[in-house]
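Remarks on the overall topology
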Amino acid sequence: MRGSWCFKLNIPVMQLLLLLFSFVVFNACEPAIIEPSTSEMQQQQNIIESVKKNDITAVKKLLSNGVDVNTQDKSGRSLLLIATIQQQAEMAKLLVAHGADVNLQADNLDSPFLYAGASGQTALVKLFLANGARFALFNRYNGTALIPACERGNVETVTILANTRGFPIDHVNRLGWTALLEAVILGNGSKSYRQIVQILKDAGANLTIADKDGVTPLQHARSRGFKEIAEILER
């Protein structure tokens, strides 16, 4: 009888011990969150400032000291994005050579590749394409690198992107526009935009995709008096 009483008394105790053991094991398996030290944070700030100043020597030294090449500023802009925004081609090459991510997006969804395409930096577009540029990442308008390149009349960049294997030439952004629609709607019908329309057509762009109101690129060209663009689309 006494043994039975002791057994009953020990059941809750055993359950409590098992619960405590499980808690200890679970927490031991949780990865530790390691905050950067003051020294590391200072070095990260130093490399950000060095990239902004286009100080290649300082950046090389900081990278050799182990500073993360994908360091980001308070707006989420990577070193490579900062260099791209400031059109620092040599700095960008250095960072890519050290493994910088060409797709790392900032808080506003800009990435080095997307920004280079939008700003018509052809040399950087080529560099990023050769180093893992991804086509399924989009900017804040849900657009590709090609769409703003068409809007801004960047013929050389459009030529490269439109003829890159696997590039989504007919992607539709949040406004309901393809690269072709953007070239017609936001372009001015000048020579560069005529060239872009021809490039997109030759690259196999779908000429019949309409905007959210059902208006096609050809109809937009006609309504804007872009006779030559309309002729390209009709041929």
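Definitions and cut-offs
- Residues numbered from 1 in each chain as written.
- Predicted model: local features only at pLDDT ≥ 70, side-chain atom pairs only at ≥ 80, totals over all residues.
- Heavy atoms only, no water.
- Buried < 20%, exposed > 50% of the residue type's maximum accessible area, 1.4 Å probe, protein only.
- Helix = DSSP H or I, 4+ residues; strand = E, 2+ residues; numbered from the N terminus.
- Contact = heavy atoms within 4.5 Å.
- Axes fitted to C-alpha atoms, helices over the stretch in contact; angles between N-to-C directions.
- Parallel < 35°, antiparallel > 145°, perpendicular 65-115°, else oblique.
- Nonpolar A, V, L, I, M, F, W, Y, C, P; charged D, E, K, R; others polar.

This paragraph deals with helix H5 (residues 89-97). Of the positions making up H5, those classed as buried are Met 91, Ala 92, Leu 94, Leu 95 and Val 96. Taken together, the buried residues of H5 touch helix H2 (38-52), helix H3 (56-64), helix H4 (79-85) and helix H7 (122-129). Of the residues trailing H5, Gly 99 is marked for its positive phi of about 95 degrees.

Right, let's talk about the side chain of Thr 216 for a bit. Inspection of the secondary structure assignment puts Thr 216 in the loop between helix H11 (191-202) and helix H12 (217-223). Relative accessible area serves as the criterion here: at 19%, Thr 216 is assigned to the buried category. Ignoring anything within four residues of it in the chain, the contact list for Thr 216 reads Leu 181, Thr 208, Ile 209 and Ala 210.

Our next topic: the environment of Gly 214. With respect to the element layout, Gly 214 can be found in the loop between H11 and H12. Given the relative accessible area of 46%, Gly 214 is considered partly exposed.

With that settled, the discussion passes to the packing of helix H9 (residues 155-162) against H11. Geometry of a packed helix pair, given as the angle between the helix axes and the separation of the axes. Put simply, H9 and H11 touch, their axes get as near as 10 Å, and they point 5 degrees apart. With respect to their mutual orientation, H9 and H11 come out roughly parallel. On H11, the residues that touch Val 155, Val 158, Thr 159 and Ala 162 of H9 are Ser 192, Gln 195, Ile 196, Ile 199 and Leu 200. Class assignment for the residues of the contact of H9 with H11 results in six nonpolar, three polar and no charged.

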